[in-house]
Amino acid sequence: MKMYYSLRELLRFFQRQQRNDYEVIDALVNLIDYKSENLPEEKKPQIIIDTLRKYGLYEVGFEGQKTFKEDVPKIKVPEEPEKPEGKTNWFGPSITAQLEQYNVRILNGIAKFESFMN
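Residues numbered from 1 in each chain as written. Predicted model: local features only at pLDDT ≥ 70, side-chain atom pairs only at ≥ 80, totals over all residues. Heavy atoms only, no water.

(A) Here's a closer look at the environment of leucine 52. Structurally, leucine 52 is set in helix α3 (residues 44-54). In this structure the C-alpha to C-alpha distance between leucine 52 and glutamine 98, which are 46 residues apart in sequence, comes to 61 Å. Beyond its immediate sequence surroundings of up to four residues, leucine 52 is in contact with Tyr5, Phe13, Leu28 and Leu57. (Helix = DSSP H or I, 4+ residues; strand = E, 2+ residues; numbered from the N terminus. Contact = heavy atoms within 4.5 Å.)

(B) How the structure looks around the environment of glutamate 100. Inspection of the secondary structure puts glutamate 100 in strand β1 (residues 98-106). It is 35 Å that separates the C-alpha atoms of glutamate 100 and glutamate 80, two residues lying 20 residues apart in sequence. Discounting chain neighbours no more than four positions away, the residues touching glutamate 100 are Phe113, Glu114, Ser115 and Met117. Here tyrosine 102 takes part through its side chain, which lies 2.4 Å from a polar atom of the side chain of glutamate 100. (Polar contact = N/O pair within 3.5 Å; in protein donor to acceptor, adjacent residues only side chain to side chain.)

(C) Layout of the pairing of β1. Relative to strand β2 (residues 109-117), β1 runs antiparallel, the two sharing 9 bridges. The residue of β2 that forms the bridge with leucine 99 is phenylalanine 116. Counting the residues in the hairpin turn of β1 and β2 gives 2 residues, including leucine 107, whose phi is positive at 50 degrees. (Pairing = 2+ DSSP bridges.)

(D) Region of the structure containing helix α2 (residues 23-33). Among all positions in α2, only Val24, Leu28 and Leu31 are buried. With its buried residues spanning 60 degrees around the axis, α2 presents them on a single face. Relative to its buried face, α2 has exposed residues pointing more than 90 degrees away, namely Glu23 and Asp33. For α2, the secondary structure elements touched by its buried residues are α1 (7-19) and α3. (Buried < 20%, exposed > 50% of the residue type's maximum accessible area, 1.4 Å probe, protein only. Arc of directions from axis to C-beta.)

Below you can see the structure in the form of structure tokens.
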């Protein structure tokens, strides 16, 4: 029985498992080592595949019903910044404003806060 998984689906599965302290992977590894008369060795591969499907890892070409609901939020890809059309004038008109600085001692350091007032 050969099973193939896409790299993207494998990485997403491992990402979900990392958030859950690898519970499913730990259970599957323990299942492989588990010896019992009630669970023959021939049934273990099917139990492993069914467990992986239950937790969202489907092999390439799987045609059955996918019942796993992914609760991982989609990661937003940052948009490419747009460059201004014309040249930037770094020495344009100046703006005057009041600047207040606060030095606050926190533990063994000093934090500096600035506030612009205009």
